[in-house]
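What the coordinates show
Given next are the chains, with one letter for each unit.
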Amino acid sequence: MYGELQTCSLFQGMEGEEISSLLQCLGAQRREYGKGEVILPEGEATESLGIVLSGRALISWGDVWGNNSVLGSVAPGEVFAEVYACIPGEPLRISVSALEDTRVLFLNVSRALTTCTNACPFHGKLVRNLLTVCAHKSLRLSQRILHTSPKSIRGRLMSFFSEWSKISGSSSFQIPYNRQQLADYLGVDRSALSGELSKMRKEGLLEYEKNKFRLKLEE
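Cut-offs used in this document
- Residues numbered from 1 in each chain as written.
- Predicted model: local features only at pLDDT ≥ 70, side-chain atom pairs only at ≥ 80, totals over all residues.
- Heavy atoms only, no water.
- Phe/Tyr/Trp six-rings, centres within 6.5 Å; stacked < 30°, edge-to-face > 60°.
- Buried < 20%, exposed > 50% of the residue type's maximum accessible area, 1.4 Å probe, protein only.
- Salt bridge = Lys/Arg side-chain N within 4 Å of Asp/Glu carboxyl O.
- Helix = DSSP H or I, 4+ residues; strand = E, 2+ residues; numbered from the N terminus.
- Pairing = 2+ DSSP bridges.
- Axes fitted to C-alpha atoms, helices over the stretch in contact; angles between N-to-C directions.
- Contact = heavy atoms within 4.5 Å.
- Polar contact = N/O pair within 3.5 Å; in protein donor to acceptor, adjacent residues only side chain to side chain.
- Disulfide = S-S within 2.5 Å.
- Core = buried A, V, L, I, M, F, W, Y, C linked by side-chain atoms within 4.5 Å.

1. Things to note about the packing of aromatic side chains
- What the rule picks out here adds up to 10 aromatic pairs.
- Plain terms: the ring middles of tyrosine 208 and phenylalanine 213 are 5.6 Å apart, the flat faces sit at 35° to each other, and that makes the pair tilted.
- The exposure class assigned to tyrosine 208 is buried, which follows from its relative accessible area of 15%.
- These aromatic residues form a ring-pair network of at least three members: Phe160, Phe161, Trp164, Phe173, Tyr177, Tyr185, Tyr208 and Phe213.

2. Some details on the pattern of salt bridges
- For the coordinates displayed, the defined rule picks out eight salt bridges.
- Note that glutamate 82 is salt-bridged to lysine 137, the shortest N-O span being 3.2 Å. With glutamate 82 in helix H3 (residues 82–85) and lysine 137 in helix H4 (residues 123–148), this pair connects stretches of sequence that are 55 residues apart. You'll find glutamate 82 and lysine 137 in the same group, each marked buried.
- Arginine 93 is the salt-bridge partner of glutamate 90, the closest N and O atoms lying 2.3 Å from each other.

3. Describing the sheet that holds strand S2 (residues 38–40)
- On the basis of which strands lie adjacent, the open sheet formed by four strands has the order S2-S7-S4-S5 and antiparallel pairing. Taken across any chain shown, the strands that pair with only one partner, and hence form the sheet edges, are S2 and strand S5 (68–74). Geometrically, the sheet is characterised by an average inter-axis angle of 35° between neighbouring strands, direction not taken into account.
- Taken together, the two bridges between S2 and strand S7 (residues 95–98) define a ladder with antiparallel strand orientation. Paired with valine 38 across the two strands is serine 97, which belongs to S7.

4. Things to note about unusual backbone geometry
- The phi dihedral of alanine 81 falls on the positive side, at around 65°, and the residue is not glycine.
- Positive phi, normally seen in glycine, also occurs at lysine 210, with a value near 55°.
- With respect to the helices, strands and loops of the structure, lysine 210 is situated in the loop between strand S10 (206–209) and strand S11 (212–215).
- Residue lysine 210 is classed as exposed on the basis of its relative accessible area, which comes to 68%.

5. Focus on the environment of proline 150
- Positionally, proline 150 belongs in the loop between H4 and helix H5 (153–168).
- Each C-alpha atom, one on proline 150 and one on leucine 186, is 9.9 Å from the other, the two residues being 36 residues apart in sequence.
- Residues contacting proline 150, with those up to four places away along its chain left out, are Gly155 and Arg156.

6. Concerning helix H6 (residues 179–186)
- The buried count for H6 comes to seven of eight residues, which makes it a mostly enclosed element.
- Among all positions in H6, only Arg179, Gln181, Leu182, Ala183, Asp184, Tyr185 and Leu186 are buried.
- Looking at where H6 begins, the residue whose side-chain oxygen comes 3.2 Å from the main-chain nitrogen of glutamine 180 is asparagine 178.

7. Notes on the state of the cysteines
- Here the structure, examined in full by the defined rule, presents zero disulfides.
- Cysteine cysteine 8 shares no disulfide, and the gap to the nearest cysteine sulfur, in cysteine 134, comes to 12 Å.
- For the unlinked cysteine cysteine 134, the closest cysteine sulfur is that of cysteine 86, found at 5.7 Å.

8. Re the nonpolar core
- Counting 22 residues, the largest nonpolar core has Leu5, Leu10, Phe11, Leu49, Ile51, Leu107 and Leu126 as the members making the most contacts within it.
- Secondary structure elements with two or more residues in this core: helix H2 (16–25), strand S3 (48–54), strand S8 (102–108) and H4.
- With sequence-adjacent residues up to four places away left out, leucine 126 is seen in contact with Leu10, Phe11, Met14, Leu22, Leu26 and Ala112.
- Of all hydrophobic cores here, the second largest spans 21 residues; its members include Leu58, Val70, Tyr177 and Leu197.

9. Thoughts on the sheet that holds strand S6 (residues 79–80)
- Spatial strand order, S1-S8-S3-S6: four strands in an open sheet with antiparallel pairing. Every interior strand has two partners, whereas the edge strands, strand S1 (29–33) and S6, have only one.
- Examined bridge by bridge, S1 and S8 share five bridges and lie antiparallel to one another. Paired with tyrosine 33 across the strands is threonine 102, a residue of S8.

Below you can see the structure in the form of structure tokens.
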């Protein structure tokens, strides 16, 4: 498992022995979830952040009328609920569920934010890395705001696809969402989104199959 964690940004710059000591100090617990199972429910508080070891998790938010918004997904090596874990007693305003069979490692991060009785020398590295993780999450939320700022569905799709094309370095890419999740992420109706995708394909702007897309860019 240490090999899996060395690629995690939370443990950047740490060796296997350091990671092993931190896992013990932070009360690491590994759990497994089936597809669709809730990992962290909205409204509950948590003292632990989660690290996806395998699979993928979905972060979403629902209002009192039953409308759902997708805020993002968490891939292997990435962290979730880190902000809430740093605020004791703060109830989650989001929920986290498994997009597929998913393994998660939970760490009681509050122990890293207080004086350790064992005087672990690795806490400083962890706190610095945690700050970087939080900064990246803030950037992702800003990107979602950019994608949802266009008034038209096509404008939102083009913004979203443009980012994924840049991330993959290619006009062909695969997104982590199905149609309903993509609609929730962009804040649009699923049927309307599917209709707009069909129009864009007929107009020769893109090709797609399920969650795989290829943009037809001008040479």
